[in-house]
Amino acid sequence: MNTALKQWKEASTLILTAGRRLGADTTRLPHSSEFDYDVLLLKRSAKSTFMPNAYVFPGGMVDSSDFSSDWLDVFKSFLNSPGFGLRSVKQPVENRPPIFATNRLKLGSPIPGEVALRICAVRETFEESGVLLVVPKKEEKRILKSFQDTRFSQHHTEHKLGCDELSKWRALVNKNPSNFMRMCQELEVLPNIWALHEWANWLTPTAKYGRTRFDTAFFMCCLQEVPSTLQDEKEIERFQWSTPSEILQSYQARRLWIAPPQFYELSRMCRFPLLDNLHSFAHQRATEGCDQWMPVIVLQDQQHISLLPGDKLYPADPSKPTKDDQKDSQLEDPTDDSDLHRMVMSDPYTTTLQITVKPKYNHLLPVVTPALSHNPKSQL
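Cut-offs and rules
Residues numbered from 1 in each chain as written. Predicted model: local features only at pLDDT ≥ 70, side-chain atom pairs only at ≥ 80, totals over all residues. Heavy atoms only, no water. Helix = DSSP H or I, 4+ residues; strand = E, 2+ residues; numbered from the N terminus. Buried < 20%, exposed > 50% of the residue type's maximum accessible area, 1.4 Å probe, protein only. Contact = heavy atoms within 4.5 Å. Areas by Shrake-Rupley, 256 points an atom, 1.4 Å probe, with all protein chains shown as cover. Phe/Tyr/Trp six-rings, centres within 6.5 Å; stacked < 30°, edge-to-face > 60°. Core = buried A, V, L, I, M, F, W, Y, C linked by side-chain atoms within 4.5 Å. Axes fitted to C-alpha atoms, helices over the stretch in contact; angles between N-to-C directions. Parallel < 35°, antiparallel > 145°, perpendicular 65-115°, else oblique. Left-handed = near helix turned anticlockwise from the far one by under 90°. Nonpolar A, V, L, I, M, F, W, Y, C, P; charged D, E, K, R; others polar. Salt bridge = Lys/Arg side-chain N within 4 Å of Asp/Glu carboxyl O.

Each helix and strand in the protein was counted, giving nine helices and 14 strands. By residue count, 53% of the 380 residues in the protein fall in the buried class. Long-range pairs, those at least 24 residues apart, make up 74% of the contacts in the protein between residues at least 6 apart in sequence. In the form shown here, the protein has an accessible surface area of approximately 17,900 Å², with 49% of it arising from carbon and sulfur atoms.

With that settled, the discussion passes to the packing of aromatic side chains. For any pair of aromatic rings, geometry is given as the distance between the ring centres together with the angle between the planes. In total, this model carries 16 aromatic pairs according to the counting rule given. Between W202 and W293, the aromatic rings sit 5.2 Å apart at their centres with planes inclined by 85 degrees, giving edge-to-face as the arrangement. Here W202, found in strand β7 (residues 197–203), pairs with W293, found in strand β10 (residues 292–293); they are 91 residues apart in sequence, far enough to count as distant. Residues F272 and F281 carry aromatic rings whose centres are separated by 5.1 Å and whose planes lie at 35 degrees to one another, so their mutual orientation is tilted. Here a set of aromatic residues connected by ring pairs shows up, and it is made of W71, F75, F78, F84, F180 and W194.

Okay, the nonpolar core next. Counting residues in each nonpolar core, the largest one holds 50 residues, and the members touching the most others are L16, W71, F75, L133, F180, W194 and L196. Here the element with the most residues in this core is helix α3 (residues 113–129); it accounts for eight residues. Grouped together as the second largest cluster of nonpolar side chains are 42 residues, Y55, A200, Y251 and L353 included.

Axis separation between α3 and helix α5 (residues 163–175) bottoms out at 9 Å; the angle between their running directions is 115 degrees. With respect to their mutual orientation, α3 and α5 come out roughly perpendicular. Of the two possible hands of crossing, α3 and α5 adopt the one that is left-handed. Here α3 contributes R123, F126, E127, E128 and S129 to the contact with α5, which in turn contributes L166, W169, R170, V173 and N174. Looking at side-chain class alone, the contact of α3 with α5 contains four nonpolar, two polar and four charged residues.

Using the criterion set out here, one finds 16 salt bridges in the structure. Salt-bridge contacts for R254 lead to D347; the nearest nitrogen and oxygen are separated by 2.9 Å. Residue R254 is located in the loop between α7 (244–252) and α8 (260–269), and its partner D347 is located in strand β13 (residues 341–347); the two are separated by 93 residues in the primary sequence. A salt bridge links D311 to R342; its shortest N-O distance comes to 2.8 Å. Taken as a pair, D311 in the loop between β12 (303–307) and β13 and R342 in strand β13 lie far apart in primary sequence, 31 residues in all. The pair formed by D311 and R342 is uniform in burial state, with each residue classed as buried.

Across residues other than glycine, the phi torsion is negative in most instances, and most of the peptide bonds are trans. The phi dihedral of D339 is positive, around 50 degrees, even though this residue is not glycine. Looking at the element boundaries, D339 is found in the loop between β12 and β13. Residue classification places D339 among the partly exposed residues on the basis of a relative accessible area of 45%. Look at Y361: it is not a glycine, yet its phi comes out positive at around 60 degrees. If you trace the backbone, Y361 turns up in the segment after β14 (350–355).

Here it is in structure tokens:
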């Protein structure tokens, strides 16, 4: 864990998708029938100190136990494989986001950051939703053999545990994150770090959502079918599995609220209505790396404009706080659409994407068509 960070707390988030039977639910909203998978969203408690009542992907803060050297024993069959068998990323280390590039050995941990961040995502998903992404240790040989085929990729298959056993360990892990490692040791399972594909890195912008700020690694994981899911009745009030388009429609209809990173990533996922295509893309693209994105918020004509890297107005030093009344003549010129990468928020439930830049690292542009909205004038 990087204790040198002063402004941000390191965190991991998991975009968890699961296949479903087409046409099985006649109550689905329009356009949702195009998708053969759902995405897991969790509603944060109204008492939460960070984004209360928001619908979020499962995830949370990195714990020191995620970097514990005791994980070396759990993954001992993989110690001779670089990164515990995770595929190497082509992105030069000097261009990697610090959350991935930081040398954890110099900080006192032999666990690579890319491994610990995935352990965190698996642990937090288990804590918050009861979904346990592990593989039996008896499958180690199969996993090791799969490393020989760089094209190998398959959906994660849920590891079945008895309900009582699952509930017991979940309570223990919620009580103390270090119990997650103990659980893996006693049940002889491995956190399925290989099923989590690097997707994005978002930083909390200045003066947003309270004093707490997070440097969050986003991962993508695709399941063959929806697993049994339970809210933790602590930080999470409820959960729902919905298609990306359903979530965006519900957001625009003010039935739920999602933060800008969720809005952006769900809009990206709308490029792939089929789970197999999303999974194949996520698996292949993950080795390219990703950018670090810290939105910079400016106020213009009562609209909050969230500038992202690549936008012509994105500052050279995004860490410097901006004034709420900051204005720029270029913001007022609607005819100039060169190098735009921004989200325009008229109110908490009305967000418009304006993007003319090309995504880096073979990533996707979000869908910005009106097909998903109840409002024909909306861009999404």
